[in-house]
Amino acid sequence: MTRLALPRWTGTLALKAAVFITVMCCALAALLGVLVHVSVTNQTVGQARNLALSRLTDATRAYEAGDSLLPGAGVDPPGLPSALRELAADGDRGTMVSEHHGHPTMWAAGPADRNRALAVEVDYSQQSHTIAALDQSILWSSGLAITVTLLVGAFAVTRVTRRLHATAQVARRISAGDLDARVGDPRTKDPTHPQDEVAAVAAALDTMAASLQSKLLSEQRFTADVAHELRTPLTGLHAAAELLPPSRPTELVRDRVAALRTLTEDLLEISRLDTGREQLELDAEELGALAARVVRASGTDTEVVVLRDARVETDRRRLERVLGNLVANAHKHGRAPVSLTVDGAVVTVRDHGDGYPGYLLEHGPQRFRTEGGAKGHGLGLTIAVGQAEVLGARLEFANAVDGGAVAILTLGLGD
């Protein structure tokens, strides 16, 4: 059975608090209203009943003495409720409220001779109006109290939810990579002021962000320092390898030295991207021609398909770096055929291998990540993502339905 999906706004804390406050206010107002109504009604009815029974006693004495009855008293008077008449005929006394001549009337009846009822009537209009006015006052005061309580509660809850919303926004900014973001709740800056739970969460988030930023900066400095320190010995090692006599061992040494130099340059590039201070050198480029140049420079068997060419304003060197890394990754970790398709400002690189691993699709490229014994994706895709961010482009990864990895780069069009 499909479960009915509720709108997103029904899950907000402010709405839940407003509903809770309203329900509790209504329940409390109803309880107090019922108690006041019952108490006042019992008192009012009791006074009217005592008055009617007192008049019935006087009427009974007058009837038994043969005196004339006072106004409002009589034997089997018209309008006497039948149930009260039967009660009096059975020899009992009782009271009852009913409508008589369009007015509320309190009747009191007792036994007379020959199974007849001696009854008196007391005007009950004033008491009825008092009870109705009381009920109206209870309704109005309850509505006013609920409205005021709801407004005050909504104001208090809104202040809390606004702080929670600001904390959530900062958490999202940190998750997106803005490690300078802080909540800065003023309640956390005064140690003499007691902190509530929201302030405690804000302080914990700020502490976590500061700690995370410190660790990442340390890692970035370490990466940059290691890469810089490796450049000098690698330059000497490369020069020494070039002096070796031609042989198979020499080729292996030169190949490993070249791979190590490439890795060092990649680490330096990542450290520069991590600092977030890269500057663009914008120029207008024909995307189809640029894609063809990238494929030619890669020396790979990659098909270039231009469905719709476009002129983009971009940094040519960085864009070539992104596309070159995507093509190289497709050949290294995928299988032929590999194609690069240009469709307007969208460039797609696809292979026909096993596709991207699940962790990459969920979390994006991770440096040197390996899983299940498979080869990792090194630094190529990490650099591609970093350079795409510098370009202001969007780089997405997916797997084709019929197999193969698909990388989609979306650029902004030039003027």
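All figures in this text were calculated on a predicted structure; none of them were measured in a lab.

Criteria and thresholds
- Residues numbered from 1 in each chain as written.
- Predicted model: local features only at pLDDT ≥ 70, side-chain atom pairs only at ≥ 80, totals over all residues.
- Heavy atoms only, no water.
- Helix = DSSP H or I, 4+ residues; strand = E, 2+ residues; numbered from the N terminus.
- Buried < 20%, exposed > 50% of the residue type's maximum accessible area, 1.4 Å probe, protein only.
- Polar contact = N/O pair within 3.5 Å; in protein donor to acceptor, adjacent residues only side chain to side chain.
- Contact = heavy atoms within 4.5 Å.
- Patch = residues over 30% accessible without salt bridge, like charges linked within 9 Å, V, L, I, M, F, W, Y side chains within 5 Å.
- Areas by Shrake-Rupley, 256 points an atom, 1.4 Å probe, with all protein chains shown as cover.
- Salt bridge = Lys/Arg side-chain N within 4 Å of Asp/Glu carboxyl O.
- Expected span 1.5 Å × (residues − 1).
- Pairing = 2+ DSSP bridges.
- Axes fitted to C-alpha atoms, helices over the stretch in contact; angles between N-to-C directions.
- UniProt positions renumbered as here; feature names shortened; annotations may be inferred.
- pLDDT = per-residue confidence, 0-100.
- Parallel < 35°, antiparallel > 145°, perpendicular 65-115°, else oblique.
- Left-handed = near helix turned anticlockwise from the far one by under 90°.
- Nonpolar A, V, L, I, M, F, W, Y, C, P; charged D, E, K, R; others polar.

**Q** Please explain the side chain of Ser 98 as it appears in this structure.
**A** Tracing the backbone through its elements, the reader meets Ser 98 in strand β2 (residues 94-100). On the accessibility criterion, Ser 98 (18% relative accessible area) is buried. A distance of 3.1 Å separates a polar atom in the side chain of Ser 98 from a polar atom in the side chain of Trp 107. Apart from the residues lying within four places of it in its own chain, the contact partners of Ser 98 are Gly 79, Pro 81, His 103, Pro 104, Thr 105 and Trp 107.

**Q** Help me understand unusual backbone geometry in this model?
**A** Excluding glycine, most residues fall at negative phi; most peptide bonds, likewise, are trans. Across the junction of Ala 336 and Pro 337, the peptide omega takes the value 0 degrees, indicating a cis bond. The phi torsion at Asp 76 lies on the positive side, around 45 degrees, for a residue other than glycine. Position of Asp 76 among the secondary structure elements: in the loop between β1 (73-75) and α2 (82-89).

**Q** Got a minute to help me understand a nonpolar patch on the surface in this structure?
**A** A grouping of Leu 28, Leu 31, Leu 32 and Leu 35 is seen on the molecular surface, where their side chains present a nonpolar patch of about 400 Å² in accessible area. Considering the arrangement of structural elements, one finds Leu 31 in helix α1 (residues 13-65).

**Q** Quick question: what am I supposed to make of helix α3 (residues 125-175) here?
**A** Residues that lie three or four places apart on an α-helix share one face, since the helix turns once every 3.6 residues. For α3, spanning 51 residues, the distance from its first C-alpha to its last is 72 Å, which sits close to the expected 75 Å at 1.5 Å a residue. One or two residues past the end of α3 sits Gly 177, with phi positive at roughly 110 degrees.

**Q** I'm lost on the sheet that holds strand β6 (residues 302-308) in this one. Help?
**A** Backbone hydrogen bonds are what pair the strands of a sheet, in a parallel or an antiparallel way. Reading across from one edge, β6-β8-β9-β11-β10 is the order of the five strands in this open sheet, with mixed pairing throughout. One side of each edge strand has no neighbouring strand; the edge strands of this open sheet are β6 and β10 (394-399). Averaged over all pairs of adjacent strands, the angle between their axes in this sheet comes to 15 degrees, without regard to strand direction. Relative to strand β11 (residues 405-410), β10 runs antiparallel, the two being bridged by six bridges. If you follow Phe 397 over to β11, its bridge partner there is Ala 407.

**Q** Before we go on, may I ask you to explain the UniProt feature "transmembrane region" (unreviewed entry) in the protein in this structure?
**A** Mapped onto the present numbering, the UniProt feature "transmembrane region" (unreviewed entry) falls at residues 12-36 and 138-157. In this annotation, residues 138-157 is assigned 100% helix and 0% strand; the end-to-end C-alpha distance for the span is 27 Å.

**Q** I'm lost on the confidence of the model for the protein in this one. Help?
**A** Fine structural detail should not be taken from predicted coordinates in areas where pLDDT scores are low. Of all residues in the protein, 87% attain a pLDDT of 70 or more, and the chain-wide mean is 80. Low confidence marks residues 371-377, where pLDDT is under 50. Its contacts with residues over four positions away, or in another chain, come to 14 contacts.

**Q** Which parts of the structure should I look at to understand the packing of helix α6 (residues 287-298) against helix α7 (residues 316-333)?
**A** Put simply, α6 and α7 touch, their axes get as near as 9 Å, and they point 55 degrees apart. The orientation of α6 with respect to α7, classified from their angle, is oblique. Considering the relative orientation of α6 and α7, their crossing is right-handed. Contacts between α6 and α7 pair Leu 287, Leu 290, Arg 293, Val 294 and Ser 298 from the former with Arg 316, Leu 319, Glu 320, Leu 323, Gly 324 and Val 327 from the latter. Partitioned by chemical class, the residues of the contact of α6 with α7 number six nonpolar, two polar and three charged.

**Q** Explain the sheet that holds β1 here, please?
**A** Overall, antiparallel pairing links the four strands, which are arranged β1-β4-β3-β2 in an open sheet. Each edge of the sheet is formed by a strand with only one pairing partner; in this case those strands are β1 and β2. Averaged over all adjacent pairs, the angle separating strand axes in this sheet is 30 degrees, with direction ignored. Bridge count between β2 and strand β3 (residues 103-111): seven bridges; the pairing is antiparallel. Opposite Glu 99, over in β3, you have Pro 104 as the bridge partner. Lying on the sheet, α2 is in contact with β2, β3 and β4 (117-123); it crosses β3 at an angle near 15 degrees.

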